[in-house]
Each structure stands twice: as C-alpha cells, then as structure tokens.
Amino acid sequence: MLEDVGEEGQKKLDSAKVLVIGAGGLGSPVCLYLAAAGIGRIGILDYDIVEVSNLQRQIIHATSDIGKAKISSAQVKMKNLNPNVRIDTYFEKLTTNNALPIMQNYDFIIDATDNFASKFLINDACVLLNKPFSHAGVLKYRGQTMTILPHESACFACAFDEPPAKELNAIFRAGLFGVVPGIIGCIQASEAIKYILNLGELLTNTLLTMDIKTMNFRKVAIHKNPDCRVCSKENGIKELKTYHE
Ligand SMILES: [Zn+2]
C-alpha cells in the first residue's frame, strides 16, 4: 500500500536475490525481514551450529534447534514465514576460494558476520564483483552499520583500512547486549530493501553508530579514499587475500 512501493515494487522484491553471510545475531532479523518482505531468493552462508549461549540474541533460532546447523534452523523459520521464498543454504566458511563464485549470484550482500577477517574479505569481494553490500559490526552495547556501493561510495577499507592487530582480538570478545544486533540487523534489512526498490537515501559515505546505553544514534561522514588499497582505481585490489582471524 505504500505509494513508493506498490505492486511494481513488490515485483522488484520478488525478482531480487540477496545473500546473507552469517546466521547469528545480525543475520537473524535480516533473514526474517527479507523473507517477510518477499525477497524472491535469499542465500544464507554459515558453518556454525546453534548453541544455547546464542539464543539471547540469535532470535531466528530456538531452544529446540540446539545442535542443528544455523542455516537449517533459519531456513525452516523463513519458509514457515513465507513459503514462496527460494532459500539457498551454504554450510561453509567464507574463504578466498568460495567468496566470488557464491557472491556473484546475488544482487545485494549483507555482511552479518562477527569477525574482521570475514568483513574485510566481503568488502574485497564486493569491490571486485561491483556488488552493493551492507556492513555491520556490534560489540557490547554498541553497533555500527554502513552501506557500500563499490566504486561509487566509500568502501569499508576507506573507513577502516586494515583489520586491528591480532593482540587486540580479546577486546572484541567482550559480550553483547542482545537487542543491539537486532536493531542493527533491522537497519541492514531496510537498506537491502531500499536498494532493491531504489527508495530514499542509503547509508552510503555514512557510518551510522548507535549506543544502547545512551540511545545516541550518530551519522559519521566517511569519505572515499582516492588511494584506498581496495577500491581505488590505481592501487586497488586485483585479487582476494586471506586476512588473519
Ligand atoms: Zn575503499
């Protein structure tokens, strides 16, 4: 019924293909909202098993799913919600070998992963394939998200350049307020749907940050780096590489 969407928009959603990488805290709301919106084909890539400690935030999975592959658990919920959606499942880890062949089949990619190695790999692959994608990261009480249209807007490496040093990894395993990935994941799903419908303004050249303790939402301007090691014309990447975990 929305004047900007209508039947025409619903058809666009039906013919769209979105890949969600990670079926955890971010991926849960993303998968549910994409299925509910009627995205015609949704891919889910994850190689993890549902554990009881996931359930505080990974709301697509239930107690009865413990021990099952997350992709299977997610697929059941999405099919139940919308049987017309085609779901492709990939029970594998994202690597330099499978990233390009899998990602090239989709129109929009959602980075719903929880580690820097995957985030930088997804950015590299999206730049090489020229695929739009949504980045997100969550930690403790905070979250951030940004949408990237490769070669048009700033990429993840324009903003962050390189993964943090290995020694800092412990800082990034500090727990997570369960609702944070829910909020950020909903924003990622919105961005995918807006991109497909060509609706409104995307979070391009903009890092949206939120803090659940203060409820401060901020938009930080990110500029495309003309010398970016990934997306610049002259010094940009030519092939994928593996980042340290
Ligand atoms: Zn860049």
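Here is a short report on the structure shown in this document. What you see is a predicted model, and the numbers here were worked out from it, not measured in a lab.

1. Remarks on the sheet that holds strand β1 (residues 17-21)
Across a sheet, paired strands are connected by hydrogen bonds in the backbone, their directions being either parallel or antiparallel. Read across the sheet, eight strands follow the order β3-β2-β1-β4-β5-β6-β7-β8 without closing on themselves; strand pairing throughout is mixed. Looking along the sheet, the strands with just one partner apiece sit at the ends: β3 (86-90) and β8 (216-221). Taken over all neighbouring pairs, the strand axes of this sheet differ in orientation by 15° on average, direction set aside. Inspection of the sheet shows strand β7 (residues 206-211) paired to β8 by six bridges, in the antiparallel sense. If you follow methionine 210 over to β8, its bridge partner there is phenylalanine 217. On top of the sheet, helix α2 (residues 27-37) reaches β1, β2 (41-45) and β4 (108-111); it is set at about 165° to β1, its chief contact. On top of the sheet, helix α7 (residues 179-197) reaches β1, β4, β5 (133-139), β6 (142-148), β7 and β8; it is set at about 15° to β6, its chief contact.

2. Focus: the coordination of the zinc ion
Protein coordination at the zinc ion: the donors are Cys155 (SG), Cys158 (SG), Cys228 (SG) and Cys231 (SG), at 2.3 Å from the metal. Considering all four donor atoms around the zinc ion, the spread of angles at the metal, 98 to 119°, places the coordination shape in the tetrahedral class. Between the donor residues of the zinc ion, the gaps in sequence give the motif C-x2-C-x69-C-x2-C. For cysteine 155, a relative accessible area of 0% gives the class buried.

About the cut-offs
Residues numbered from 1 in each chain as written. Predicted model: local features only at pLDDT ≥ 70, side-chain atom pairs only at ≥ 80, totals over all residues. Heavy atoms only, no water. Pairing = 2+ DSSP bridges. Helix = DSSP H or I, 4+ residues; strand = E, 2+ residues; numbered from the N terminus. Axes fitted to C-alpha atoms, helices over the stretch in contact; angles between N-to-C directions. Contact = heavy atoms within 4.5 Å. Donors = N, O, S within 2.8 Å, 3.2 Å for Na, K, Ca; no water. Tetrahedral: all angles 85-135°; square planar, octahedral: opposite > 155°, others 65-115°. Buried < 20%, exposed > 50% of the residue type's maximum accessible area, 1.4 Å probe, protein only.

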